[in-house]
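Examining the three-dimensional arrangement
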Amino acid sequence: MREVLYLVIPCYNEEEVLRETSKRLLEKVNKMIKDGKVSSKSKILFVNDGSKDKTWSIIEELYRRNNIFSGVNLSKNRGHQNALLAGLMVAKEYADMVISLDADLQDDIDVIEKFVEEYYLGNDIVYGVRNSRKTDTFFKRTTALGFYKVMNKLGVNVVYNHADYRLMSRRALEGLSEFKEVNLFLRGIVPLIGYKYSVVEYERHERFAGESKYPLKKMLAFAIDGITSFSIKPIRIISVLGFSIFLISLIALIYSVMMKFLGKTQIGWTSIVISIWMIGGIQLLSLGVIGEYIGKIYNETKARPRYIIKDKLLNNKGEKRNELYVQNKEIIFK
Ligand code: UDP
Ligand code: MG
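Rules used throughout
- Residues numbered from 1 in each chain as written.
- Chains lettered and ligands numbered in written order.
- Predicted model: local features only at pLDDT ≥ 70, side-chain atom pairs only at ≥ 80, totals over all residues.
- Heavy atoms only, no water.
- UniProt positions renumbered as here; feature names shortened; annotations may be inferred.
- 1 Å grid on protein atoms, 1.4 Å probe; cavity = no way out; pocket = protein on both sides within 12 Å on 5 of 7 lines; lining within 4 Å.
- Points joined across faces, edges and corners; volume = space filled by probe spheres on them.
- Helix = DSSP H or I, 4+ residues; strand = E, 2+ residues; numbered from the N terminus.
- Nonpolar A, V, L, I, M, F, W, Y, C, P; charged D, E, K, R; others polar.
- Near = heavy atom within 4 Å.
- Polar contact = N/O pair within 3.5 Å; in protein donor to acceptor, adjacent residues only side chain to side chain.
- Areas by Shrake-Rupley, 256 points an atom, 1.4 Å probe, with all protein chains shown as cover.
- Phe/Tyr/Trp six-rings, centres within 6.5 Å; stacked < 30°, edge-to-face > 60°.
- Patch = residues over 30% accessible without salt bridge, like charges linked within 9 Å, V, L, I, M, F, W, Y side chains within 5 Å.
- Salt bridge = Lys/Arg side-chain N within 4 Å of Asp/Glu carboxyl O.
- Expected span 1.5 Å × (residues − 1).
- Buried < 20%, exposed > 50% of the residue type's maximum accessible area, 1.4 Å probe, protein only.
- Contact = heavy atoms within 4.5 Å.
- Core = buried A, V, L, I, M, F, W, Y, C linked by side-chain atoms within 4.5 Å.

Under an unreviewed UniProt entry, the name given to the chain is Glycosyltransferase, and the source organism is Clostridium sartagoforme. Regarding the chain, the relevant UniProt record gives this comment under Subcellular location (unreviewed entry): "Membrane".

Leftover empty space is mapped by rolling, across the atoms, a probe with the size of a water molecule. Empty space within the second largest pocket amounts to approximately 550 Å³. If you trace the second largest pocket, you find 18 residues lining it, with Ala-252, Tyr-255, Ser-271, Ile-272 and Ser-275 closest to the centre. When residues of the lining of the second largest pocket are traced back to their parent elements, those giving at least two are helix 9 (233-261) and helix 10 (269-302). Class assignment for the residues of the lining of the second largest pocket results in 10 nonpolar, 7 polar and 1 charged.

Ligand 1 sits among 19 residues. The nearest are Glu-14, Asp-49, Asp-104, Ser-212 and Lys-213. With respect to ligand 1, the backbone of Ala-103 contributes an N or O atom lying 2.9 Å from an oxygen atom. Within the complex, 95% of the 530 Å² of free accessible area of ligand 1 lies under protein. Here the residues of the shell around ligand 1 are counted per class, giving 5 nonpolar, 5 polar and 9 charged.

A few words on the UniProt feature "domain: Glycosyltransferase 2-like" (unreviewed entry) in the chain. Mapped onto this structure's residue numbering, the UniProt feature "domain: Glycosyltransferase 2-like" (unreviewed entry) falls at residues 7-174. Here residues 7-174 is 43% helix and 18% strand, with 17 Å between the C-alpha atoms at its ends.

Let us now look at the packing of aromatic side chains. Scanning the entire structure with this criterion turns up 12 aromatic pairs. Pairing Phe-147 with Phe-185 gives two aromatic rings, centres 6.2 Å apart and planes at 80°, and the pair type is edge-to-face. Here Phe-147 is found in helix 5 (residues 138-153), whereas its partner Phe-185 is found in the loop between helix 6 (170-177) and helix 7 (186-193), with 38 residues between them in sequence. Aromatic pair Phe-185 and Phe-222: ring centres 5.1 Å apart, planes at 55°, arrangement tilted. Remark: Phe-222 occurs in helix 8 (residues 216-230) and Phe-185 occurs in the loop between helix 6 and helix 7; sequence separation between them is 37 residues.

Residues Phe-243, Phe-246, Leu-247, Leu-250, Leu-253, Ile-254, Val-257, Met-258, Phe-261 and Leu-262 make up a contiguous nonpolar surface patch of roughly 1100 Å² in combined accessible area. Its location among the elements puts Leu-253 in helix 9.

What follows deals with the UniProt feature "transmembrane region" (unreviewed entry) in the chain. Within this numbering scheme, the UniProt entry marks residues 237-257 and 269-294 as carrying the feature "transmembrane region" (unreviewed entry). Across residues 237-257, the secondary structure splits into 100% helix and 0% strand, with the terminal C-alpha atoms separated by 30 Å. Helix makes up 100% of residues 269-294 and strand 0%, and the two end C-alpha atoms of the span are 37 Å apart.

The next thing to look at is helix 8. Given a rise of 1.5 Å per residue, 15 residues ought to cover 21 Å, and the 21 Å separating the end C-alpha atoms of helix 8 matches this to within 8%. Every buried residue of helix 8 is accounted for by Met-219, Phe-222, Ala-223, Gly-226, Ile-227 and Thr-228. Next to the buried residues of helix 8 lie helix 3 (80-91), helix 5, helix 7, helix 9 and helix 10.

Applying the stated criterion across every chain, the model contains 18 salt bridges. The salt bridge involving Lys-28 is made with Glu-113; its shortest N-O contact spans 3.1 Å. Here Glu-113 lies in helix 4 (residues 112-120) and Lys-28 lies in helix 1 (residues 15-34), a separation of 85 residues in the sequence. An identical accessibility class is assigned to Lys-28 and Glu-113; each is buried.

With that settled, the discussion passes to the side chain of Ser-39. Looking at where Ser-39 falls in the secondary structure, it is placed in the loop between helix 1 and strand 2 (43-48). Within the structure, the side chain of Ser-39 is placed 2.9 Å from the backbone nitrogen of Lys-41, a separation counted as a polar contact. With sequence-adjacent residues up to four places away left out, Ser-39 is seen in contact with Arg-2, Glu-3, Val-4 and Ile-33.

Ranked by internal contacts, the top residues of the largest apolar core, which has 37 residues, are Leu-7 and Ile-99. Counting residues per element, the ones that place at least two in this core are strand 1 (5-11), helix 1, strand 2, helix 2 (55-65), strand 4 (97-100), helix 4 and strand 7 (197-202). When residues in this core are grouped by element, the largest group, 6 residues, is from helix 1. Leu-85, Met-89, Ala-91 and Leu-176 belong to the second largest nonpolar core, which has 34 residues in total.

Here it is in structure tokens:
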């Protein structure tokens, strides 16, 4: 008896790619079912992250045509990480293993079989790792590289060149559901779950249609979230900085008192202006970094739900159910 695979795909304004994506994924899953690699109960689950275009109606249409397609509709746009989490938590109820991937199929779907093989070999988590970034723009390539470097320097354990293309077993997903943080950075959390893992390399393609949903602003926010959710080093750097400046100011104090007694004081305009700007700048920056962490604490203590599911299209037993239940602060229409 082969095990049940769910593909989870977060979608935000993806009407341009959904038809082609669903066609390619359907072929892939059907082939795997036919080859006896996965159970015939396997599904392709799209999560609509509050899209403003026709994404959800396309998902509904796909579901009507073929029950292998399923859908979860979030109440509003919550961002890629939360949308992905919503999909994973729904899939965990029915699947033995779940693979997450992007709607634009930039991640090579031909390695899905390898993911599944690794799972059958006893790995609970399989990370997809890009072997090249040839197709990325120069800008994306350098910023991404810088990001991984900074993360590692700050002591955050992330798998190099791994985005959110990965397989997780049901037990790994149960582990993930124990992490209640609101500031969600899955790439940092998944390695913390533990269990046996392996890595599969793949080639990353270009987006075949539509535009990137990760403009610079979102990328920066994502990077800052990733760092401040996993590392307190920036605050420590500030403490070290503050302490060093304090030492320097002691030296400056001794120096200026000495100069005064030696009668060598003069109008020190330059030094005063420079110190005001520098100290002021450093103070503001430090306050900003500390504020970033206080903001995190603020959000975590409120512990608001990370997503709310509005509709759910999932045909598991050949019938569509429609009852409301509330579980772990998630409101789910089932
Ligand atoms: N996405 C999402 N919510 C958002 C932004 C993006 O669900 O607020 C989805 C998007 O539909 C895609 C995936 O996240 O499936 C990755 O986005 P994209 O391909 O635009 O990012 P890039 O590959 O450019 O980093
Ligand atoms: Mg993409």
